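Chain and residue survey
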Amino acid sequence: MMSVSMKERQRQKIDPSTQPWFLPLQKIVGKENIITRFSEKLAYGRDRWPRSNLKYRFGKFPLTDPYLVVVPGSYDEVIDLVKFANLYKIPIVPYALGSGGVGGALPVPNGITIDLKRLNKLLEIDEVGCLATAQAGMNGGLFEAALNKRRLTCGHFPQSMTISSVGGWIACRGAGQASTRYGKIEDMVAGLKAVLPNGQFMEVRPVPRRAAGPSIKDILIGSEGTMGIILEGTLRILPYPEVETVHAIGFKDYLTALDALRKIMQTELRPAVVRLYDEVESKAKTAEYPEFANHPCLCMLTFAGVKELVEVEERLALKICEQAGGIEGNPEPVHKWLAIRYEALSHKPIFQGQMMDTIEISARWSALPTIYEEMRAAVLDVDPSIHCGAHWSHLYTDGGCMYLTFKYAAPEEGPTEAKHDKISAAAMAVCLKNGGSISHHHGIGYFRGQWLKEELNTGHDLLQTLKDGIDYNHIMNPGKLGLK
């Protein structure tokens with residue numbers, strides 16, 4: 001993995017103002033909205049990919065720092081910036097709040113990062129149609145708070161809620177912790193506006209459903225800035241739930257629990273949050289509560305919505321758990337998790353001398369147990385001392401998402417990266433062999449592109465052909481999604 005020393009870059013004293021294109025750039029956004037100072041560009045050299053943080057710990061950029069950063073304040077300015085980049089053949093990387101976990105917002109050599117944080121307005125709330133339109137740079141937590149004031153909710157609650165943006169949710173095809181009830185972001189996006197890599201403005205009007213050709217909006221949803229820059233999104237919203245209830249269920253083993261959850265989903269019940277932990281991850285959460293001693297796999301269930309509907313879903317779901325041998329315990333582990341659900345803590349161990357990362361895959365119900373067993377075995381085969389546990393969430397009638405979390409000592413840069421490479425390759429091989437998807441909602445970014453072609457097969461060639469057609473100068477977030 002190519003990386004650049006921060007001290008080396010600082011010594012180079014790069015001065016973009018000497019470039020012949022600097023004056024035209026200044027005319028587009030104004031001098032005050034161009035960031036060239038090294039200390040101010042530091043924040044744009046990484047996202048929250050653990051390998052990014054590891055590089056920063058050792059005084060390096062994961063790839064490089066941006067040549068400069070521009071902060072446009074209007075859609076027209078973004079359009080002009082993309083046309084400018086095509087004219088001068090300068091690569092550009094869209095950036096909002098930098099909360100991605102796989103290197104999707106990493107700058108590229110001699111590239112310009114386009115920071116969308118000034119495009120941060122809530123444009124419209126249609127309470128009759130239950131739609132809300134927000135600009136791409138709007139903070140997700142502020143978006144939800146504005147809806148809550150009107151007793152509405154988006155239902156999209158990622159762990160990165162307060163450090164992510166509406167545009168980032170769409171660009172990364174994200175999921176919130178209550179996706180079992182509300183769906184993933186692709187279920188919520190009714191329409192959007194974007195700038196294509198050739199500088200053309202595009203609008204997908206928000207309508208309930210359509211049969212007007214292939215879904216154009218889905219070219220942008222999950223494109224991670226490779227197919228264009230999202231300017232705004234219109235999302236489906238719902239009334240704020242009348243009631244919310246929480247339950248902590250203990251199961252004797254994860255297989256029994258998974259089967260119970262499958263039955264819950266296929267009975268057409270929709271808990272808001274479903275989180276099932278294996279024994280490894282359950283221990284710390286249930287150690288204080290003796291009722292879980294003989295039922296060591298913790299399952300968190302929450303229900304939300306209209307009171308009468310919640311009561312029915314709750315009763316039927318808990319009955320299924322009971323029939324599977326599950327016992328209801330003290331709900332305090334759920335309350336503790338809810339209290340810290342938006343705290344992004346994965347970077348802390350890295351700066352304390354450890355490497356910590358998660359791999360979130362999706363698969364059919366029949367494949368989830370095999371993937372868990374084989375993936376965990378593959379990780380421990382790299383190093384038996386690795387802490388490795390899993391949990392399952394984001395469930396559907398046909399399957400769900402599994403997170404595998406691993407952590408190990410990381411005193412040195414090189415060996416830490418080599419081990420991370422081995423773990424990731426082994427885990428991805430298990431997932432692909434068993435018919436899973438290599439990402440449920442974190443996306444592909446810079447790091448996972450090497451495995452995307454195997455999952456998409458000819459579909460990846462189709463993506464490349466599409467990109468070649470609209471990004472003929474290859475300027476738009478190059479090197480991400482495994483694209484040229």
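Refer to the structure printed above.
What you are looking at is a predicted structure, and each value in this text was computed from that prediction instead of being measured.

**Structural notes on the nonpolar core**
- Within the largest apolar cluster, 69 residues are counted, with the highest numbers of intra-cluster contacts made by Ile112 and Phe143.
- Grouped together as the second largest cluster of nonpolar side chains are 63 residues, Ile264, Ala410, Leu432 and Ile470 included.

**Here's the deal with the packing of aromatic side chains**
- Taken as a whole, this structure holds 15 aromatic pairs when the rule is applied.
- Among the aromatic residues, those joined into a ring-pair cluster are Trp21, Tyr67, Phe84 and Tyr88.
- Across the ring face of tyrosine 182, the terminal group of arginine 181 is positioned such that the distance to the ring centre comes to 5.6 Å.

**Brief notes about the pairing of strand E19 (residues 387-395)**
- Among the nine residues in E19, eight count as buried, and that is most of the element.
- Bridge count between strand E15 (residues 273-277) and E19: two bridges; the pairing is antiparallel. Directly across from leucine 276, in E19, lies its bridge partner tryptophan 392.
- Sheet topology note: the E19/strand E20 (residues 399-409) ladder contains eight bridges and is antiparallel. Each bridged residue has a counterpart across the sheet, and for cysteine 388 the counterpart in E20 is phenylalanine 406.
- Between E19 and E20, which pair antiparallel and follow one another directly, the connecting turn spans three residues.

**Remarks on the environment of phenylalanine 251**
- One can find phenylalanine 251 in strand E14 (residues 243-251).
- Residue phenylalanine 251 is classed as buried on the basis of its relative accessible area of 0%.
- For the pair phenylalanine 251 and tryptophan 337, spaced 86 residues apart in sequence, the C-alpha to C-alpha distance is 19 Å.

**Focus: the pattern of salt bridges**
- Counted by the stated rule, this structure contains 24 salt bridges.
- Salt-bridge contacts for glutamate 413 lead to lysine 55; the nearest nitrogen and oxygen are separated by 2.5 Å. Placement of glutamate 413 in helix H17 (residues 413-433) and of lysine 55 in helix H4 (residues 50-57) is noted, with a sequence separation of 358 residues between them. Pair check on accessibility: glutamate 413 and lysine 55 agree, each one buried.
- Between aspartate 218 and arginine 173 there is a salt bridge; the shortest N-O distance is 3.5 Å. On the criterion of sequence distance, the pair formed by aspartate 218 in helix H10 (residues 217-220) and arginine 173 in the loop between helix H7 (166-171) and helix H8 (179-182) is long-range, its members being 45 residues apart.
- In this structure aspartate 218 comes out as partly exposed when scored by relative accessible area, which is 30%.
- One salt-bridge network, held together by shared partners, links Arg51, Lys55, Lys60, Glu413, Glu417 and Asp421.

Definitions and cut-offs
- Residues numbered from 1 in each chain as written.
- Predicted model: local features only at pLDDT ≥ 70, side-chain atom pairs only at ≥ 80, totals over all residues.
- Heavy atoms only, no water.
- Core = buried A, V, L, I, M, F, W, Y, C linked by side-chain atoms within 4.5 Å.
- Buried < 20%, exposed > 50% of the residue type's maximum accessible area, 1.4 Å probe, protein only.
- Phe/Tyr/Trp six-rings, centres within 6.5 Å; stacked < 30°, edge-to-face > 60°.
- Lys NZ or Arg CZ within 6 Å of the ring centre and 35° of its normal.
- Helix = DSSP H or I, 4+ residues; strand = E, 2+ residues; numbered from the N terminus.
- Pairing = 2+ DSSP bridges.
- Salt bridge = Lys/Arg side-chain N within 4 Å of Asp/Glu carboxyl O.

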